[in-house]
Amino acid sequence: MTQGVIRRALLSVSDKSGLAELGAALAARGVELVSTGGTAKALREAGLTVKDVSDLTGFPEMMDGRVKTLHPAVHGGLLALRDNPEHVAAMEAHGIGGIDLVVVNLYPFEATVAKGALREEVIENIDIGGPSMVRSAAKNHGFVTILTDPADYATLVAEMDANGGATTQAFRTRMAGKAYARTAAYDSAIASWFAFSPAASDEPTLFPETLPMALKRADTLRYGENPHQSAAIYVPQVAGTAGVPQAVQLQGKELSYNNLNDADAALELAAEFAGQEPAVVIVKHANPCGVAQSGSLLSAWEAALACDSVSAFGGIVAVNTELDAATAEAISAIFTEVVIAPSVSAEAREIFAKKKNLRMLECGALPNPRRGGLALKTIAGGVLIQSRDNGAITADDLKVVTKRAPSEQELKDCLFAWTVARHVKSNAIVYARDGATAGIGAGQMNRRDSARIAAIKAQEAAATHGWDAPRTQGSAVASDAFFPFADGLISAAEAGATAVIQPGGSIRDDEVIAAADEAGLAMVFTGMRHFRH
């Protein structure tokens, strides 16, 4: 018996896109169509002759369609090895006909969960017969072709036409692998729902004993962080996800691994200012090098760029509002890798079109910085998993610990600096004044050096722009974690900071507070730290 010849097909799909066209193509090639419920109805409405599964099994569909394909007449026809005499004899003895093609896509479980359906509806959208047929057909891919994706329908027909009504072993093997990936993702989604959305009477757990996860490859990348590394980007199979992978690329070269990583860092920080005054974030190597808010996007860009124009070269820019022509013109004046915005005006698009290599992304909705979820990091031999750092503080959460309380403007600058600092790699020090960063120190092994580096950058900026003094004079300084010694705070005071915001909690807090009082600083504690490694 020639392997891969398709004489009988069983079709049972939830997603009926392309179904009528596929059914017509199969019928035109002499394939007998067998189907179930709504799929059979759709095929008949398309004018096709269809045999019901109940005609094969001798049993009607029952229990609201829960039981229809779980029968030896179906699975025997799928699993029988056509070159095994014993299997062939069993088929003949029990009147089981072979099924050569299975076209199945599963109940929309993920979509049902995503729309917030009640528990009963979610349970009813757990497919049983579908995955069983998929797995049976995929296991026997030496003889049976399995399709789970409408995108493969045209390829199937082309395969049959090129091979005398048969499919090749290579095609069947590829489709079988895709089928098992689909059932694995489907089971993962169900397991995740049970793990994270249990019955109301149960205690939910953030870290189940087995953590199911299913991601879909969105694209392969030219390379990873370095040219000798391979890379790809995967996305969760959840509707409504917002982020860089979901953005529309309007122009420019393909995004690299580093572009995606940096654009994510920029967008996450820009999202902190959603619905507020125009804000601009400039990122380099996943760290912000300039952030500002102002009455216009253009003035915010100018203030953000002024913080560290050297690092901004070749950087990533994210904004929290529509990108206008004036700001696009200003950004175009320097080399920029990626610009991402919720929307881009037609005039701004025309301006960026002159920069063919610049990657322009329109993201629509900004991600919610307070959203939940898990953060993962691989290590040798395992995976570290933690809840996302979605903590936030307001002015009401702050505790004044010095003799002098911050002024209204100092408090505003403290909160702005704190917002930026939580997105800077530890040890992080951020100086800010009047809604703009004045100096950023990131990723140092001690906090004192971060404070000094940030101050040096501010001095360089003053020299570059011809200012009388660096913008750290009269600034607020944020530290992502407590000052373990007074030296870091003293460095900030020497740079001209007049207010400090930090978590507190060091065994030397009294020493640090005393140093702040001696320098005339106002200092507030947040009670929350934001390490970012």
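All chains use their own residue numbering, which begins from 1 and follows the written sequence. With pLDDT at 70 or above as the cut-off, local features in this predicted model cover only qualifying residues; side-chain atom pairs require 80 or more to be listed or tallied, and sums for whole chains, interfaces and linings still use all residues. Hydrogens are left out, water is left out, and the side-chain values use all remaining heavy atoms of the structure.

This brings us to the overall build of the protein. Runs of E in the DSSP output that reach at least two residues are strands. Runs of H or I that reach at least four are helices, and both are numbered from the N terminus. When you go through the protein residue by residue, the secondary structure sums to 19 helices and 21 strands. Radius of gyration (C-alpha) of the protein: 30 Å, far over the 24 Å computed for a compact globule of 533 residues. Projected onto its principal axes, the C-alpha positions of the protein cover 95 × 55 × 40 Å. Summed over all atoms, the accessible surface of the protein reaches about 25000 Å², with 53% contributed by carbon and sulfur. When charges are tallied, Lys and Arg are placed among the positive residues and Asp and Glu among the negative ones, while His and the ends of the chain are skipped. For the purpose of locating charges, the reference atoms are NZ of Lys, CZ of Arg, CG of Asp and CD of Glu. Side-chain charges of the protein comprise 47 positive and 60 negative groups, with the mean position of each set lying 4 Å from the other. Here the globule rule is a power law, 2.2 Å times the number of residues to the power 0.38, and the radius of gyration is based on C-alpha atoms. Areas reported here follow the Shrake-Rupley algorithm with a probe of radius 1.4 Å; residue values treat only the protein chains shown as occluding.

What follows deals with the side chain of Ser188. Tracing the backbone through its elements, the reader meets Ser188 in helix 10 (residues 169–196). According to the relative accessible area criterion, Ser188 is buried, its value standing at 8%. Contact criterion: two residues are considered in contact whenever any of their non-hydrogen atoms come within 4.5 Å of each other. Among residues more than four places away in sequence, those in contact with Ser188 are Pro212, Met213 and Ala214. Burial classification: accessible surface area is computed with a 1.4 Å probe over protein chains only, and a residue below 20% of its type maximum counts as buried, one above 50% as exposed, and the rest as partly exposed.

What follows is about the side chain of Arg8. Relative to the helices and strands, Arg8 resides in strand 1 (residues 8–13). Counting of polar contacts relies on pairs of N or O atoms within 3.5 Å, with two restrictions inside protein: one atom must be capable of donating a hydrogen and the other of accepting it, and residues adjacent in sequence are counted only when both atoms are side-chain atoms. Separated by 2.9 Å, the side chains of Arg8 and Glu32 make a polar contact.

Before going further, it helps to spend a moment on the packing of helix 1 (residues 19–28) against helix 9 (residues 153–162). Every axis corresponds to a line fitted to the C-alpha atoms, with the helix fit spanning only the stretch in contact, and the corresponding angles, defined between N-to-C directions, vary from 0 to 180 degrees. One way to put it is that helix 1 packs onto helix 9 with a least axis distance of 10 Å and a crossing angle of 10°. Between helix 1 and helix 9, the crossing angle belongs to the class labelled roughly parallel. On the side of helix 1, the interface is formed by Leu19, Leu22, Ala25 and Leu26, while helix 9 contributes Tyr153, Leu156, Val157 and Met160. Taken together, the residues of the contact of helix 1 with helix 9 sort by class into 8 nonpolar, no polar and no charged. Here the angle decides the label: under 35 degrees means roughly parallel, over 145 means roughly antiparallel, 65 to 115 means roughly perpendicular, and every other value means oblique. Under the grouping applied here, Gly and all other residues not named as nonpolar or charged are polar, the nonpolar ones being Ala, Val, Leu, Ile, Met, Phe, Trp, Tyr, Cys and Pro and the charged ones Asp, Glu, Lys and Arg.

Keep in mind that these numbers describe shape and distance, not what the molecule does.
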